Amino acid sequence: MDVFESLTGEYEQIVYGHNPDTGLRTIIAIHSTALGPGLGGTRFYPFPSEEAALRDVLRLSKGMAYKNAAAGLDLGGGKAVIIGDPATDKTPDLLRAYGRVVDRLGGAYVTTADVGTNSADMVFIAETTKHVTGTPDASGDPSPNTAYGVWSGMRAIAERLWDEPSMKGKRVAVQGVGKVGAELARLLADEGAVVAVADIDAVAAGKLAAELGADVLDAADVLAAECDVLAPCALGAVVNDASLPRFRCRAIAGAANNQLERPEHGEALRTAGILYAPDYVINAGGVISVAGEVMGYGADEARARAAKIADTLRDVFGEADAQGVSPALTADVLAERRVRSAERTFGGPGGSR
Ligand code: NAD
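Residues numbered from 1 in each chain as written. Predicted model: local features only at pLDDT ≥ 70, side-chain atom pairs only at ≥ 80, totals over all residues. Heavy atoms only, no water.

Caption draft 1: Focus on the overall build of the protein. Looking only at helices and strands, one finds 13 helices and 11 strands in the protein. Scaling as 2.2 N^0.38, a compact globule of 353 residues should have a C-alpha radius of gyration of about 20 Å, and the protein matches this with 20 Å. Considering only C-alpha atoms, the protein reaches an extent of 55 × 45 × 40 Å along its principal axes. Put simply, the protein has 353 residues, and 52% of those count as buried. (Helix = DSSP H or I, 4+ residues; strand = E, 2+ residues; numbered from the N terminus. Rg over C-alpha atoms; globule rule 2.2 N^0.38 Å. Buried < 20%, exposed > 50% of the residue type's maximum accessible area, 1.4 Å probe, protein only.)

Caption draft 2: Region of interest: helix 8 (residues 264-271). Within helix 8 the residues assigned to the buried category are His265, Gly266 and Leu269. Looking straight down helix 8, one finds that the buried residues subtend no more than 110° of arc, so they occupy a single side. Positive backbone phi, at 75°, marks Gly273, one or two positions downstream of helix 8. (Arc of directions from axis to C-beta.)

Caption draft 3: Representation of helix 5 (residues 143-162) within the structure. If you check helix 5, its first and last C-alpha atoms are 28 Å apart, about what 20 residues at 1.5 Å a residue would give, namely 28 Å. Looking one or two places after helix 5, you find Asp163, whose phi comes out positive at around 65°. (Expected span 1.5 Å × (residues − 1).)

Caption draft 4: Spotlight on the site of the ligand. Lining the immediate surroundings of the ligand are 18 residues, of which Thr146, Lys179, Val180, Asp199 and Ala234 lie closest. Between the ligand and the protein, one listed contact pairs an oxygen atom with a backbone N or O atom of Ala255 at 3.2 Å. Burial of the ligand by the protein chains amounts to 74% of its free accessible area of 830 Å². Mapped by element, the contributors of at least two residues to the shell around the ligand are helix 5 and helix 6 (179-191). Class assignment for the residues of the shell around the ligand results in nine nonpolar, seven polar and two charged. (Near = heavy atom within 4 Å. Polar contact = N/O pair within 3.5 Å; in protein donor to acceptor, adjacent residues only side chain to side chain. Areas by Shrake-Rupley, 256 points an atom, 1.4 Å probe, with all protein chains shown as cover. Nonpolar A, V, L, I, M, F, W, Y, C, P; charged D, E, K, R; others polar.)

Caption draft 5: Just the side chain of Asn145, in detail. Mapped onto the secondary structure, Asn145 falls in helix 5. Engagement of the side chain of Asn145 in a polar contact is seen with the backbone oxygen of Ala302, the distance being 3.3 Å.

Caption draft 6: Quick peek at the packing of aromatic side chains. In the structure shown here, the tally under the stated rule is three aromatic pairs. Geometrically, the ring pair formed by Tyr66 and Tyr280 is edge-to-face, given 6.2 Å between the ring centres and 80° between the ring planes. Placement of the pair is Tyr66 in helix 1 (residues 50-70) and Tyr280 in helix 9 (residues 279-282), with a sequence separation of 214 residues. The two residues Tyr66 and Tyr280 agree in class, both being buried. The ring of Trp151 carries Arg155 above its face, with NZ or CZ at 3.9 Å from the centroid. The residue whose ring lies beneath Arg303 is Tyr148, and the NZ or CZ to ring-centre distance is 3.8 Å. (Phe/Tyr/Trp six-rings, centres within 6.5 Å; stacked < 30°, edge-to-face > 60°. Lys NZ or Arg CZ within 6 Å of the ring centre and 35° of its normal.)

Caption draft 7: Fine view of the pattern of salt bridges. One pass over the full model with this rule turns up 26 salt bridges. A salt bridge links Glu183 to Arg186, with the shortest nitrogen-to-oxygen separation between them at 3.8 Å. Here Arg186 and Glu183 lie together in helix 6, a separation of three residues that amounts to about one turn. Here Arg186 falls in the partly exposed class, since its relative accessible area comes to 30%. If you follow the salt bridges from partner to partner, you end up with Arg43, Asp56, Arg59, Lys79 and Asp114 in one network. (Salt bridge = Lys/Arg side-chain N within 4 Å of Asp/Glu carboxyl O.)

Below, the structure is given as structure tokens:
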């Protein structure tokens, strides 16, 4: 078996951790530490196979490398998965055992919460490693800063499409009114945007709509809503072969991760004349908030950095136009460029900072 094949020439390190007493099975992937420690969350999920878990952790750690680089953070990309059902398999002892695996990496990987883990879990992990962020007494819930970053990023959209840095009077359809979507809807409504919301939780959507005086859209139809900006704040893969012909929006800009089902859907949006804010650029407010614990800044600086997402998007849209390619592709190129320039400065893969 070629064990290095899974590194595909791109990743610095993959670590497998096992603890028979607690049932821990974890994989940690570090994409790059050229810019700094690899920061990314721990996903606790009942993967159907070990191969599926490996595939996911590789994809997600690379995604974090791009997200952190594009956000201007001096952080690399890392991610971890724990194979199991968080509802039944997650115990304090397992989390402590996992913390010991993280600790042995000496800070090359710094963890935080992700799907299946939360800030209370980070407290157990923090008992066995200091390389953890997002405990309740630290930077706190990143969602408000994520929403603020998306709202800020919409300035760049409004300038591009309407020559004005405001969403006042623009129609925005928000898909998903959870932690990020609800806060985003509030910020937009405060600004005078015409907000409509949709959620599979009809009660949550109705409650928020009443608070804001917003319309409620059917969750099954929100992607086809006639609007200026569609803000996906629920699931990934909302841009796909089936949804593309249904879009009735001028732009797509929201918090959801991995909005494009396949990379070529970025170009398909450009062809359709829909301006797309690359997801990992516009939703970086959350990681910017958590990163303050590693980089040594607080909530005010996190907010100021989230506001700069608009500048990054201006650069992305400008360069995409100049090159005649999609913003999605341009964001990747800009992120790769930043990682590569750090590799030259710090000596390349291997984390020689
Ligand atoms: P959340 O779980 O609090 O909210 C998600 C909401 O979407 C829920 O209300 C859920 O009922 C709704 N939903 C699920 N499926 C839906 C559907 N088909 N149609 C309409 N609504 C649906 O999650 P969140 O923290 O608000 O995150 C939202 C998205 O943003 C996720 O994709 C997440 O990965 C991404 N994201 C979140 C953060 C953060 O700081 N929380 C940071 C970066 C990216």
